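The chain contents come next:
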Amino acid sequence: MKIRHALLAPALIALLFSWAKPASAETWLCDNDRSASQYPNCRNDRYDMAYRSGQRGDLNGDDRIGRIGSYQWMSDSSKYYYYYAYLANRDFTAPNALYTRWDTAWRFLAWVNQNTAPSGWNYLGSGWSSGVAVSGSNNGMAGADGMRGDYTNGTFASPMASAAPKTASEAACGIYSRISADVRDIQKKMLDSIDHYRTLSGAFDIYFSNVEQSDFVEFKISRAERWSMVDKVDAKGMVESFRSNGATLLSVGADKASYRAQPVFMGAAPLGPRAYYNQNCEPVYVQRQDPVAAGYANEVALPQNYAFWLSNPGARVLRKERILGRDAVVVTGLHDPYLRKKLNAARFTMWVDDATGVLLKLVGNSATGKQAYFIEVHDLKFDEPLPTPAAIAALAD
């Protein structure tokens, strides 16, 4: 089918989860309560998202939510933090929530697809900062719940690099690893797909019924030269454009009159386990910061959310298959209760490029077989020469 236009339950997670807390680590924790008394080192300086209480799944039963607008978590000091957002509410559906951090300006931190993110603490990236903000973009409902910043004696090591995993916590949290070796292999490639190609270009349709997302995305990525060009067309023919040269991200709104240029800083690739449980038995997912800030293109080019879906027990490799002229691994699995309810889907099947971990196709169906979402890729090209476009070169001026 093509469209063309102009808390994750602990007992259900099975990927190499283990306790992994950096040595000598300290944590800044901030929620979104109207009162900061619960977190004395936390300030909420701006909030034009709606406040809600009595919410199931939220860190302390409350959150902020909005189709547009932003929310800021501010600390009482500036340090080199590793940031994590708590995403466990089924109403958080923004496909491209923008996270920024504050030092002397609001710097790009991460694009996060809140609609497909696993339930728990989701890693955003690192940098010197005294605060983080999340913004919606009139596409789904962006949510703000808990925010966490970890630092380790001011060092710049990647998250969890300073301590070996303590696997005994799996039993303490009621977790039993059942992921097979072949599923683990393709999952690892998906989490680090950006390492397996020099350039990537193509287009894809993406449809998620729960958020009425129906977009066509075209993109070009040069990992070696650290730039990306992404254009998204929605069902009404409105275009959003994104350009990054690794130092600056330019976003141009659908009205062509609104644009935002932001400095970009990318921390090192994460070391250690990419998924684990903290001492509260809360799941933590370490998404890799996208070095080319490719946003919507990462549904295909760096499909980390979908890789984490494979942690659910029962995911299995069905077969190998040729698709788009590539050797693909076909993997199927069941959604955990959180995503099953959120996406109105019981089962997923994904086609993953065997060489790189790039997503080639994704289909999700309800228990009755109704299609709930899909991603269909077209015209995908690997490692072809991509001359630096003038629009990218202009970002340096």
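What comes next is a walk through the structure. (Residues numbered from 1 in each chain as written. Predicted model: local features only at pLDDT ≥ 70, side-chain atom pairs only at ≥ 80, totals over all residues. Heavy atoms only, no water.)

What about helix α2 (residues 181-191)?
What counts, and what does not: Only protein chains enter the accessibility calculation, which uses a 1.4 Å probe; a residue whose area is less than 20% of its type maximum is buried, one above 50% is exposed, and one in between is partly exposed. Runs of H or I in DSSP of at least four residues are treated as helices and runs of E of at least two as strands, each being numbered from the N terminus. The contact criterion used is simple: two residues touch if any of their non-hydrogen atoms lie within 4.5 Å.
Turning to α2, its buried residues are Val183, Ile186, Gln187, Lys189, Met190 and Leu191. Contact partners of the buried residues in α2: α4 (304-309), β19 (316-323), β20 (326-334) and β21 (347-353).

A short note on the sheet that holds β20
Rules: By the convention used here, strands pair only if DSSP detects at least 2 bridges between them. Here the axes come from fitting lines to C-alpha atoms, over the contacting stretch only for helices, and the angles between their N-to-C directions go from 0 to 180 degrees.
Taking strand neighbours across the sheet as the criterion, the 11 strands line up as β16-β15-β14-β13-β12-β11-β23-β22-β21-β20-β19 in an open arrangement whose pairing is antiparallel. In this open sheet, the two strands that pair with only one neighbour each are β16 (259-263) and β19. Taken pair by pair, the neighbouring strands of this sheet meet at an average axis angle of 15 degrees, ignoring direction. In the sheet, β19 pairs with β20 via seven bridges, with the strands oriented antiparallel. Its bridge partner lying in β20, Val317 is registered against Val331. The strands that α2 touches are β19, β20 and β21; relative to β21, the one it contacts most, it runs at about 65 degrees.

Side note on the side chain of Thr116
For the record, the criterion: Pairs of N or O atoms are called polar contacts if they sit within 3.5 Å, as long as, within protein, a hydrogen donor faces a hydrogen acceptor (for residues adjacent in sequence, only side-chain-to-side-chain pairs).
By the secondary structure assignment, Thr116 is in the loop between β7 (106-112) and β8 (120-135). Engagement of the side chain of Thr116 in a polar contact is seen with the side chain of Asn305, the distance being 2.9 Å. If we ignore the near neighbours within four places in the chain, the residues touching Thr116 are Phe208, Asn305, Tyr306, Trp309 and Leu339.

What about the sheet that holds strand β4 (residues 62-66)?
The strands making up a sheet associate through hydrogen bonds between their backbones, and the pairing can be parallel or antiparallel. Strand order in the open sheet formed by three strands is β3-β4-β9, with antiparallel pairing between adjacent strands. Either end of the sheet is taken by a strand with one partner, and the two such strands are β3 (50-53) and β9 (142-144). Strand-to-strand twist in this sheet, taken as the mean axis angle between neighbours without regard to direction, amounts to 30 degrees. Looking at chain direction, β4 and β9 are connected through three bridges and run antiparallel.

Some remarks on the state of the cysteines
For the record, the criterion: Disulfide: a pair of cysteine sulfur atoms within 2.5 Å of each other.
Enumeration over the complete set of coordinates arrives at one disulfide. Note that Cys30 is cross-linked by a disulfide to Cys42, the S-S spacing being 1.7 Å. Of this pair, Cys30 sits in strand β1 (residues 25-30) while Cys42 is found in strand β2 (residues 42-43), placing the two residues 12 residues apart along the sequence. Across this residue pair, the class does not change: Cys30 and Cys42 are buried.

Points about the side chain of Asp58
Using the following cut-off: Positive residues here are Lys and Arg, negative ones are Asp and Glu, while His and the chain termini are left out of the count. Whenever Lys or Arg places a side-chain nitrogen within 4 Å of a carboxyl oxygen from Asp or Glu, that contact is recorded as a salt bridge.
Looking at where Asp58 falls in the secondary structure, it is placed in the loop between β3 and β4. The buried charged residue Asp58 lacks any salt bridge, with Arg52 as its nearest oppositely charged partner at 5.0 Å. For Asp58, the side chain forms a polar contact with the side chain of Asn89, separated by 3.2 Å. Sequence-distant contacts of Asp58, that is, excluding residues within four places in its chain, are made with Asp63, Tyr86, Asn89, Phe92 and Asp145.

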